[in-house]
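# Reading the structure
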Amino acid sequence: MFEEKEFHGLKYLVRYPAGHKAGDKHPTILFLHGAGTRGDDLEMIKANSFFRITGEYEDFPFVCVAPQCRCVDTWYDYWETLKAFVKDILASDYCDEHRFYVIGNSMGGYATWQMGISMPEVIAAIAPICGGGVAWNTGRLKDVPVWAFHGAKDPDVNISESIKMVDGVNKRGGNAKFTVYPDDFHDCWLKVYASEELFDWLLSHSKP
């Protein structure tokens, strides 16, 4: 079940778990797409591999919230709006605020790292895919579990981008896991979204 909504000019899609009723609270994923889904048409979000693959799960317990970026090549032009958007999600009648997670790939992988750094107090775990960020600030992720993913043969975002972030978190007292797909290129997210282990891992983490 999808709903199309808008927050301060940011169009977004909400998909609810099967059997959802008004007032039911669920673990919630903020999905930040990559450059290929930029635009002004939420049908592109519905067709994204994240929704296509997770939609095939027999029982997917998450509310999934996916804004659409209209900028040329970055989420950062929306940053203050995105942070306000997160607060709006947390205050919604569907979100279990103790189990709020962020997943993103490529351009969205960079944004996932930065969202964890910007709002560590409200995020239970993050899963950045073929992304990167400001490693010197990864100490802010000390209390945010991280599971990062990257294809070793990625020609678009070098694997060193993930390595420096994961190392930064762990050197600063955090807990970052890292999965490398040795034969995969930039689209390793197809395997990530098909991993039930990832979504079980997310559910194992919550904020007090």
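So, here is what we can say about the structure in this document.

### A few points about the overall build of the protein chain
Within the protein chain, the secondary structure is distributed over seven helices and eight strands. Relative to a compact globule of 208 residues, whose C-alpha radius of gyration would be 17 Å, the protein chain shows 16 Å and is just as compact. Its C-alpha atoms give the protein chain principal-axis dimensions of roughly 45 × 35 × 35 Å. Evaluated residue by residue, the protein chain yields a buried proportion of 56% over its 208 residues. Counting contacts in the protein chain only where the partners sit at least 6 residues apart, residues at least 24 apart contribute 71% of the total. Surface summary for the protein chain: the accessible area is close to 9,000 Å², and the carbon and sulfur share equals 49%. Seen as two clouds, the 21 positive and the 29 negative side-chain charges of the protein chain have centres 5 Å apart.

### Details of helix α5 (residues 160-171)
Given a rise of 1.5 Å per residue, twelve residues ought to cover 16 Å, and the 16 Å separating the end C-alpha atoms of α5 matches this to within 8%. Trailing α5 by a residue or two, Gly 173 shows a phi angle of about 90°, which is positive.

### A closer look at the environment of Ala 148
Here Ala 148 is to be found in strand β7 (residues 146-151). Spatially, the C-alpha atoms of Ala 148 and Leu 42 are 27 Å apart, while their sequence positions differ by 106 residues.

### Looking at the pairing of strand β8 (residues 176-181)
Two elements, β7 and β8, share six bridges in a ladder whose sense is parallel. Bridged to His 150 within β8 is Val 180. Handedness of the β7-α5-β8 crossover: right-handed.

### Examining the packing of aromatic side chains
Think of a pair of aromatic rings as described by two things: how far the centres are apart, and how the planes are tilted against each other in angle. Using the criterion set out here, one finds 19 aromatic pairs in the structure. Aromatic pair Phe 50 and Tyr 193: ring centres 5.3 Å apart, planes at 85°, arrangement edge-to-face. Here Phe 50 is found in helix α2 (residues 49-54), whereas its partner Tyr 193 is found in helix α6 (residues 189-193), with 143 residues between them in sequence. No difference in accessibility class separates Phe 50 from Tyr 193, as the two residues are buried. Between Phe 62 and Tyr 101 the ring centres are 6.1 Å apart and the planes differ by 80°, which places this aromatic pair in the edge-to-face class. One end of the pair, Phe 62, is in the loop between α2 and β4 (63-67); the other, Tyr 101, is in strand β5 (residues 95-105), with 39 residues separating them in the sequence. Taken as a pair, Phe 62 and Tyr 101 share a single burial class, namely buried. Ring pairs connect the aromatic residues Phe 2, Phe 31, Phe 50, Phe 51 and Tyr 193, which therefore count as one cluster. One Lys or Arg, Lys 46, reaches over the ring of Phe 2 and ends 5.7 Å from the middle of that ring. Across the ring face of Trp 147, the terminal group of Lys 177 is positioned such that the distance to the ring centre comes to 3.5 Å.

Calculation notes
Residues numbered from 1 in each chain as written. Predicted model: local features only at pLDDT ≥ 70, side-chain atom pairs only at ≥ 80, totals over all residues. Heavy atoms only, no water. Helix = DSSP H or I, 4+ residues; strand = E, 2+ residues; numbered from the N terminus. Rg over C-alpha atoms; globule rule 2.2 N^0.38 Å. Buried < 20%, exposed > 50% of the residue type's maximum accessible area, 1.4 Å probe, protein only. Contact = heavy atoms within 4.5 Å. Areas by Shrake-Rupley, 256 points an atom, 1.4 Å probe, with all protein chains shown as cover. Lys, Arg positive; Asp, Glu negative; His and termini not counted. Charge placed at Lys NZ, Arg CZ, Asp CG, Glu CD. Expected span 1.5 Å × (residues − 1). Pairing = 2+ DSSP bridges. Right-handed = clockwise from strand over helix to strand, strands pointing away. Phe/Tyr/Trp six-rings, centres within 6.5 Å; stacked < 30°, edge-to-face > 60°. Lys NZ or Arg CZ within 6 Å of the ring centre and 35° of its normal.

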